[in-house]
Amino acid sequence: MTAFAMGPALLFCPADRPERYAKAAERADAVILDCEDAVAPDSKDSAREALAASRLDPATTIVRINPLGTVDAEADLEALGGTEYRTVMVAKAEDASALAELVTRGYSVIALCETAAGIVAAGELAAVDGVVALMWGAEDLVASMGGTASRDARGHYRAVVQHARASVHLAAAARGKATIDAVHLDIADEAGLVEEAADAAALGFVATACIHPSQVDAIRRAYAPSPEQREWAKRVLAASVGERGVFRFEGQMVDEPVLRHARSVLARHRSSD
């Protein structure tokens, strides 16, 4: 699996609000300076000026640029070129060759699959050397298909959206790349956010993006394994020493996949410290 060591809670911050940069970086594990949807068309230039003047830690800063092939994307990259930031999230990623060209310019790329074409191309995008992670997005995806709502009346993702999430995660995992889960737009729905983030962590996502600082702690809690999970992981790994294959432990059959689960639990614990 490609290393993605920024932590589980990634906070979007509009690039035209430089007064929020430091607070966002302080509150979250990493900040995503957003030059795309969070910025109105007539504020794009001021967003780029603020981006070029900023001095956040490059190790925990991601810059979301506009879709490649657009005038806005080139302007974003021109502003980015004068900074030390080298992790770029490409909005509405669809073209593997365009991502590869961006990599040649010295960037690590997060491909944001948020259109029907991007979801279908997820495997090709993940195969590009220099793409370190895939992320998916629900609202732009539904809009790209002519739809109007990603969730049903109960607040659950509709079937095609669930399929898109799974498709992106499988495509990333098949290429040894990390996957970042989509934002939870209902800021007041902490229970729903925790449920989705816990599900993401259980499935092997490395992070969940968020849109408000109040969501950061909920995501961190969801990704952190419980004390009971950590103790089980330690016990089963200790019991495996000297075993030559499948063995019985606390009434459960244990083989290599179970041991990998235990190692993942401990790895999640270390990353949440």
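Calculation criteria
- Residue positions within a chain follow its written sequence, with the count starting from 1.
- Local features in this predicted model are restricted to residues of pLDDT 70 or higher, and side-chain atom pairs are both shown and tallied only at a pLDDT of 80 or more, whereas totals for entire chains, interfaces and linings draw on every residue.
- Side-chain metrics in this entry use all non-hydrogen atoms of the structure; hydrogen atoms and water are not considered.
- Categorising residues by exposure relies on relative accessible area from a 1.4 Å probe, with only protein chains included: less than 20% of the type maximum marks a residue as buried, more than 50% marks it as exposed, and the intermediate range marks it as partly exposed.
- Only DSSP runs of H or I reaching four residues or more are called helices, and only runs of E reaching two or more are called strands; each is numbered from the N terminus.
- Our arc is simply the arc of the directions from the helix axis toward the C-beta atoms.
- Whether two residues touch is decided by their heavy atoms; if any such pair falls within 4.5 Å, the residues are in contact.
- An automatic or database domain assignment supplies the start and end points of every domain.

*Asks:* Just give me the short version of helix H4 (residues 96-104), but keep the residues and values in it.
*Replies:* When we look at burial in H4, the residues that qualify are Ala96, Leu99 and Leu102. The arc enclosing the buried residues of H4, seen along the axis, measures out at 120°, which places them on a common side. Backbone geometry just after H4 places glycine 106 at a positive phi near 95°.

*Asks:* Hey, could you go over the environment of valine 103 for me, with residue numbers and the actual values?
*Replies:* Among the secondary structure elements, valine 103 is positioned in helix H4. Those residues in contact with valine 103, other than ones at most four positions away along the chain, are Val109, Val128, Asp129, Gly130 and Val131.

*Asks:* So what's going on with the domain arrangement of the protein? Residues and values would help.
*Replies:* One frequently used descriptor of interface size is the decrease in accessible area upon assembly of the parts. When its domains are assigned, the protein resolves into domain 1 (9-223) and domain 2 (227-271). The gap between the C-alpha centroids of domain 1 and domain 2 is 33 Å.

*Asks:* Give a detailed account of unusual backbone geometry, specifying residues and quantitative values.
*Replies:* Phi is positive for lysine 92, which is not a glycine, with a value near 50°. Classification of lysine 92 as partly exposed rests on a relative accessible area of 23%. The phi torsion at glutamate 250 lies on the positive side, around 50°, for a residue other than glycine. For glutamate 250, the position within the fold is in the loop between strand E9 (247-249) and strand E10 (252-254). For glutamate 250, a relative accessible area of 53% puts it in the exposed group.

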